[in-house]
Amino acid sequence: MSGFATLAMINLDASDPAAQARFYAAVLGWEVLHAQDEYAMIGDGSTSLGFGRVPGYSAPGWPQEKAPKRYHLDFYVDDLTKGEEQALALGATKPDEQPQPDRWRVLLDPEGHPFDICLKS
């Protein structure tokens, strides 16, 4: 199957786009390409993530979601414990509920949105 478009980038809702860009740039080792109050972007030269300010943004919470989840990112890491420690040092938090902590860890970014670090299967 052949599509008619290519993915340009992914944009994520945020209350503080520049802070989210700094967090995910540090997680991925990417560069902050643009950072202003209303919008920020990071990239690695081939893929980009954008963060746009949404008035009244509220984190969904996890595992009991208070608001709809807007996205869910998964990242491969070589070592779950080390990856978790690094994400926590950057400002992530770890909810008590962990469905399969031997295979992946659910963490919350600084704005409270869940993301997973996973081992390659």
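Only a predicted model underlies this, so the values are computations on that prediction, with no experimental measurement involved.

Here the focus is helix H1 (residues 17–28). The α-helix advances 3.6 residues per turn, and as a result positions three or four apart in sequence lie on the same side. Helix length check: H1 (12 residues) gives 16 Å between terminal C-alpha atoms against 16 Å at 1.5 Å per residue, within 8%. Along H1, the residues classified as buried are Pro17, Ala18, Gln20, Ala21, Phe23, Tyr24 and Ala25. A positive backbone phi angle near 75° is found at Gly29, which sits one or two residues after H1.

Within the span of helix H2 (residues 80–89), buried status applies to Leu80, Gly83, Glu84 and Ala87. The arc that holds every buried residue of H2, seen down its axis, measures 100°, which confines them to one face. Away from its buried face, by an angle of more than 90 degrees, H2 presents the exposed residues Glu85 and Ala89. Here the buried face of H2 lies against H1, strand E6 (104–108) and strand E7 (114–118). The positive-phi residue at the C-terminal boundary of H2 is Gly91, with phi of around 120°.

In this section: the sheet that holds E6. Pairing within the open sheet is mixed, and its three strands lie in the order E5-E7-E6. In the strand order of this sheet, the two ends are held by strand E5 (73–76) and E6, each with one partner. Neighbouring strand axes in the sheet, compared pairwise and without regard to direction, differ in orientation by 25° on average. When E6 meets E7, the two strands line up antiparallel, connected through five bridges. Paired with Val106 across the strands is Asp116, a residue of E7.

As a further point, take the side chain of Arg105. Considering the arrangement of structural elements, one finds Arg105 in strand E6. A distance of 2.7 Å separates polar atoms of two side chains, one belonging to Arg105 and the other to Glu84. Those residues in contact with Arg105 that lie beyond four places of it in its chain are Leu80, Thr81, Glu84, Gln98, Phe115, Asp116 and Ile117.

Within the element layout of this structure, Pro101 appears in the loop between H2 and E6. A residue is classified by how much of its surface remains accessible, and Pro101, at 35% relative accessible area, is partly exposed. For the pair Pro101 and Ser58, spaced 43 residues apart in sequence, the C-alpha to C-alpha distance is 26 Å.

Conventions used here
Residues numbered from 1 in each chain as written. Predicted model: local features only at pLDDT ≥ 70, side-chain atom pairs only at ≥ 80, totals over all residues. Heavy atoms only, no water. Helix = DSSP H or I, 4+ residues; strand = E, 2+ residues; numbered from the N terminus. Expected span 1.5 Å × (residues − 1). Buried < 20%, exposed > 50% of the residue type's maximum accessible area, 1.4 Å probe, protein only. Arc of directions from axis to C-beta. Contact = heavy atoms within 4.5 Å. Pairing = 2+ DSSP bridges. Axes fitted to C-alpha atoms, helices over the stretch in contact; angles between N-to-C directions. Polar contact = N/O pair within 3.5 Å; in protein donor to acceptor, adjacent residues only side chain to side chain.

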